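# Summary of the model geometry
This is what each chain is made of:
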Amino acid sequence: MYVCLCKGVTDKTIRQAADDGVTSMRELRALYGVGSQCGSCTSCAREVLSEHLATRQQKFQQLPTLPIAVCYA
Amino acid sequence: MSALLTGSAPVLAELNRVLTRKLTAINQYFLHARMYRNFGFEALNKHAYKASIYEMKHADALIERILLLKGLPNLQELGKLFIGEEPEEMLQLDAKVQLADIQVIRSAIGVCEQAQDYVSRELLSEILEQQEDYLDWLQTQLDLLKQLGQSNYLQSKIHQE
Ligand code: FES
Ligand SMILES: [Fe+2]
């Protein structure tokens, strides 16, 4: 879906950006112009971003902690 | 006499709320229609185009009703468009928007009823009927898509029905 129609930015682009380390709307705007024209996509973009960051967080928490334990050993 | 034909504030607010959704839907369905056409799915183009025209007719009726009730139709505000990238997503997003429209129209009907504005209620009821028809068509497409598989379904949409 086109989250930001003015700049042609899709939900996939936003998720990919989050995977690449983007964590804020400010960064999304700087990188892709999301929300910089009419502004009507801001809340939708924020939703997509925070939802994806939350799922990522959850996934990391579910990962086995073995590698870290090895570090401490 | 003229006081009788002044709409109550809640009714005018509801009519404008529905109007904003109509103005938004006109654009969403129209862009989807021409995207379908550009992809080569003429049958889908036809339906989405017609849906867009219906939204415009509803917007027209709402504008006239609001003016009659001495309100100011708000043609400035526009909601966010939900534009898909491929046919399945486009159908899903239209269904989502149409369902939300229907819920807004239903609650607006309740407000008109309470304000004893039976003419506005009647107008919204007529709009609601058409909206339900289109939602039904959209949901049927999504069901067909699931049953036939995407490529079989889309193949049936290449030529005009
Ligand atoms: S839709 Fe994103 S700035 Fe207009
Ligand atoms: Fe609608």
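Whatever comes next refers back to the structure up there.
The next subject is the overall build of chain A. When its secondary structure is counted, chain A shows 4 helices and 2 strands. Tracing chain A from N to C terminus, the helices and strands come up as β-β-α-α-α-α. Evaluated residue by residue, chain A yields a buried proportion of 30% over its 73 residues. Contacts spanning at least 24 positions in sequence make up 52% of the contacts within chain A whose residues lie at least 6 apart. Within the structure as shown, chain A displays about 4900 Å² of accessible surface, and the carbon and sulfur contribution to it stands at 55%.

All names here are of chain B. Around the iron ion (ligand 2), the protein contributes the donor atoms Glu55 (OE), Gln98 (OE1), Asp101 (OD) and Gln131 (OE1), at 2.0 to 2.2 Å from the metal centre. Around the iron ion (ligand 2) sit 4 donor atoms; with metal-centred angles ranging over 89 to 137 degrees, the donor geometry is irregular. Here the donor residues of the iron ion (ligand 2) are spaced in sequence according to E-x42-Q-x2-D-x29-Q. Placement of glutamate 55 in helix 2 (residues 42–68) and of glutamine 98 in helix 3 (residues 87–114) is noted, with a sequence separation of 43 residues between them. Just as glutamate 55 is buried, glutamine 98 falls in that class too.

Residues and elements named next belong to chain B. Mapped onto the elements, proline 73 comes out in the loop between helix 2 and helix 3. Look at proline 73 and you get buried, because its relative accessible area is 14%. Along the backbone, proline 73 and asparagine 16 are 57 residues apart, and their C-alpha atoms lie at a distance of 6.2 Å. If we skip the residues at most four places from it in the chain, proline 73 touches Asn16, Leu19, Ile63, Ile66 and Leu67.

This part is about the pattern of salt bridges. Residues and elements named next belong to chain B. Inspection of every chain in the model, using the stated rule, returns 11 salt bridges over all chains. Arginine 65 is the salt-bridge partner of aspartate 117, the closest N and O atoms lying 3.0 Å from each other. Placement of the pair is aspartate 117 in the loop between helix 3 and helix 4 (118–148) and arginine 65 in helix 2, with a sequence separation of 52 residues. In this structure, aspartate 117 and arginine 65 share a single accessibility class: buried.

Our next topic: the side chain of serine 120 of chain B. All names here are of chain B. For serine 120, the position within the fold is in helix 4. For serine 120, a relative accessible area of 0% puts it in the buried group. A polar contact of 2.8 Å, which involves the side chain of serine 120, links it to the side chain of arginine 65. Excluding its chain neighbours within four sequence positions, the residues that come into contact with serine 120 are Val11, Leu15, Arg65, Leu69 and Cys112.

Listed as interface residues are 9 residues of chain B and, on the opposing side, 10 residues of chain A. Carbon and sulfur atoms make up 63% of the area that chain B and chain A hide from each other, which totals about 740 Å². Its largest share of buried area at the contact with chain A, chain B owes to Lys80, Ile83 and Glu85 of chain B, together 67% of the area lost on that side. Our enumeration of links across chain B and chain A arrives at 1 salt bridge. In this structure, lysine 12 of chain A engages glutamate 85 of chain B in a salt bridge whose closest nitrogen and oxygen atoms are separated by 2.7 Å. Between chain B and chain A we count 5 residue pairs in polar contact (both at pLDDT 80 or more) in total. Each residue belonging to the side of chain B that touches chain A can be placed in one class, and the counts come to 5 nonpolar, 1 polar and 3 charged.

Thresholds applied
- Residues numbered from 1 in each chain as written.
- Chains lettered and ligands numbered in written order.
- Predicted model: local features only at pLDDT ≥ 70, side-chain atom pairs only at ≥ 80, totals over all residues.
- Heavy atoms only, no water.
- Helix = DSSP H or I, 4+ residues; strand = E, 2+ residues; numbered from the N terminus.
- Buried < 20%, exposed > 50% of the residue type's maximum accessible area, 1.4 Å probe, protein only.
- Contact = heavy atoms within 4.5 Å.
- Areas by Shrake-Rupley, 256 points an atom, 1.4 Å probe, with all protein chains shown as cover.
- Donors = N, O, S within 2.8 Å, 3.2 Å for Na, K, Ca; no water.
- Tetrahedral: all angles 85-135°; square planar, octahedral: opposite > 155°, others 65-115°.
- Salt bridge = Lys/Arg side-chain N within 4 Å of Asp/Glu carboxyl O.
- Polar contact = N/O pair within 3.5 Å; in protein donor to acceptor, adjacent residues only side chain to side chain.
- Buried area = accessible area lost by both parts, 1.4 Å probe.
- Nonpolar A, V, L, I, M, F, W, Y, C, P; charged D, E, K, R; others polar.

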